[in-house]
Amino acid sequence: MNANNNEVGALLGGGRLVGCSSDEEPGAKTMIFSQNVIPNQLVSNRSSEFMNRYFPLTTLESWNDWKWQLRNAFTSLEDLRKIMKLTQKEILAINNLKGRLPLRITPYFASLIYRSKPTHPLRRNVVPVVEELLEGRMEQSDPLHERAYSPVKGIVHRYPDRVLFTVTQVCSNYCRYCTRSHSVGRLDKLGRQDFEKAFSYIASHREVRDVLISGGDPLTMSDELLDYILHNIRKIEHVEIIRIGTRVPVVLPQRITDKLVSILKKYHPLYISLHFSHPDEITEECANACIKLADNGFPLGSQTVLLKGINDSVPVMKELMHRLLKIRVRPYYLYQCDLIPGSGHFRTTVKKGLEIIAGLRGYTSGYAVPTFVIDAPGGGGKIPLLPDYVVEHNSERIVLRNYKGDLCEYPEK
Ligand code: SF4
């Protein structure tokens, strides 16, 4: 463990629990544990308790194996009922997900919500409710018109100097407000030929200096496939930076292994855009994963979707931004929720987003204030929004209002 990992480890307190068998079914009966400390294998008391109860034959090594986490993810009503008391609204929604964004929750993330109330912010992120089945006015399955900007499979080329490369449709957890709910969770995999065509497209567009690898979640892919993708992009001379968009450190922190880090490190400058929605997502495990990435030189930014009942208040948003900075993640964007079908129960007014920015700017470090944007419906790109700080602006002067409401004047000439 390095010094920063030790800092996180110190949050844990005493010894950890280690199981003795590898059976992985929830609800199994045998339970034999001993106390032990395994370097770089972090399991909080909360997760240990959950593991003892629902995966009693599972070893700590299995719990910390990201592939075990994916294999044992909760994907059906039957699975989820074993660990949570579900409401009628949740049951009805899960029973009607056919053809929609699937259900998937890693055991790790389930350990954060299994005792929660139905209104718990983290539960609302991943457990559907019946409102999700209702389509509202102006909602569309592909609100950002990504398909229209896709010259070859997997590539979205909307902005002049950069492309989005959606390399997989798989995520470890499915967020109920996902912008790409029209495509993620489907079995529409890219084959080698698709990858080769995408690399050729980037190579033949010399204006592309920035490639954002996203999905789905790229970090659910194997180390070998990630290495292959990154290698082929990095060898294109005009690509200056690569970015990876992922929610894995939040929902599957076990994936941030030494081997993964050693692969990613070969492709610097590599930026990692994380996706957080609530301060309670920042557990010891998540903090450890982010700090490990930061220690290895990856600049970390965070994107947050503004969600009703989850993070739509100044205190919650401020707490999230402060906790992010403490684990070396720089708040980047705050998104107005996109107009995907069944998102009405998640969407706030735009005014609410502006109020939150006004409640942050000036009241906390500038680093803790993300840029509030609307991703324009129809594919117009991200448009930044600011509270009204300009009172008057003409050829002579600009009159501005500061965060406390005081006016000041600045000359134009
Ligand atoms: S992790 Fe990202 S791509 Fe996957 S469901 Fe959540 S928002 Fe969508």
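Remember, it's a predicted structure, so these values are computed and weren't measured experimentally. (Residues numbered from 1 in each chain as written. Predicted model: local features only at pLDDT ≥ 70, side-chain atom pairs only at ≥ 80, totals over all residues.)

Draft legend 1. Spatial organisation of the sheet that holds strand β4 (residues 162-166). The strand order across the open sheet formed by 9 strands is β3-β4-β5-β6-β7-β8-β9-β10-β11, and the pairing between neighbours is mixed. Each edge of the open sheet is held by one strand with a lone partner, namely β3 (155-156) and β11 (381-385). Relative to β11, strand β10 (residues 371-376) is paired through 5 bridges, and the arrangement is antiparallel. In the strand pairing of β11, I374 is matched with I383. (Pairing = 2+ DSSP bridges. Helix = DSSP H or I, 4+ residues; strand = E, 2+ residues; numbered from the N terminus.)

Draft legend 2. Spotlight on the site of the ligand. In the neighbourhood of the ligand, the contacting residues comprise C171, Y174, C175, C178, R180, V184, G215, G216, D217, R247 and H275. Here the shell around the ligand is built from residues that sort into 5 nonpolar, 3 polar and 3 charged. (Near = placed C-beta within 6 Å. Nonpolar A, V, L, I, M, F, W, Y, C, P; charged D, E, K, R; others polar.)

Draft legend 3. Region of the structure containing the nonpolar core. Among the nonpolar cores identified, the biggest contains 89 residues, and F109, A110, V163, F165, Y174, V211 and C290 are the most heavily contacted of them. Among the elements that make up this core, the one with the highest residue count is helix α13 (residues 284-295) (6 residues). The residues that make up this core include at least three from each of domain 1 (3-64) and domain 2 (147-383). (Core = buried A, V, L, I, M, F, W, Y, C linked by C-beta atoms within 7 Å. Buried ≥ 20, exposed ≤ 12 C-beta atoms within 10 Å, placed from the backbone. Domains from an automatic or database assignment.)

Draft legend 4. Local environment of the environment of A287. By the element assignment, A287 lies in helix α13. What makes A287 buried here is the crowd of 23 C-beta atoms within 10 Å. With 37 residues separating them in the primary sequence, A287 and L324 have C-alpha atoms 8.8 Å apart.

Draft legend 5. Inspection of the packing of helix α14 (residues 314-326) against helix α15 (residues 350-360) at higher detail. α15 packs onto α14 with a crossing angle of 60° between their chain directions and a minimal axis gap of 9 Å. The orientation of α14 with respect to α15, classified from their angle, is oblique. The crossing of α14 and α15 is right-handed. Residues V314, M317, K318 and M321 of α14 form the contact with α15, whose participating residues are I356, G359 and L360. Here the contact of α14 with α15 is composed, by residue class, of 5 nonpolar, 1 polar and 1 charged. (Axes fitted to C-alpha atoms, helices over the stretch in contact; angles between N-to-C directions. Parallel < 35°, antiparallel > 145°, perpendicular 65-115°, else oblique. Left-handed = near helix turned anticlockwise from the far one by under 90°. Contact = placed C-beta atoms within 7 Å.)

Draft legend 6. Molecular detail of α15. For α15, the set of buried residues is G353, I356 and L360. Taken down its axis, α15 places every buried residue within 60° of arc, on the same side. Check the buried side of α15 and you find it contacts α14, β9 (330-335), β10 and β11. Just past α15, the residue G362 takes up positive phi, approximately 90°. (Arc of directions from axis to C-beta.)

Draft legend 7. Seen up close, unusual backbone geometry. Here the residue pair G215 and G216 is connected by a cis peptide bond, since its omega of 20° sits within 30 degrees of zero. At the junction of H268 and P269, the peptide bond is cis and its omega measures out at 0° in the coordinates. Positionally, P269 belongs in the loop between α12 (258-264) and β7 (270-275). We note that H145 has phi near 50°; this positive angle belongs to a residue other than glycine. By the element assignment, H145 lies in the loop between α8 (121-126) and β3. Since 16 C-beta atoms lie within 10 Å of it, H145 is described here as partly exposed. The phi torsion at R328 lies on the positive side, around 70°, for a residue other than glycine. Following the sequence through the fold, R328 ends up in the loop between α14 and β9. The class for R328 is partly exposed, based on 16 C-beta atoms found within 10 Å.

Draft legend 8. View of the confidence of the model for the chain. Here the chain shows a mean pLDDT of 90. Residues at 70 or above account for 90%. For the stretch residues 1-39, pLDDT sits under 50, and the model shows 74 contacts to residues farther than four places along the chain or on other chains. (pLDDT = per-residue confidence, 0-100.)

Draft legend 9. Structural view of the pairing of β9. In this structure, strand β8 (residues 300-305) lies alongside β9, joined through 5 bridges in parallel fashion. The residue bridging V305 from the neighbouring strand is Y335, located in β9. Chirality of the crossover, the property in question, places the unit of β8, α14 and β9 among those that are right-handed. The sheet contact formed by β9 and β10 spans 3 bridges and is parallel. What sits directly across from L334, in β10, is F372. As for the winding sense of the linkage, the β-α-β connection from β9 through α15 to β10 is right-handed. (Right-handed = clockwise from strand over helix to strand, strands pointing away.)

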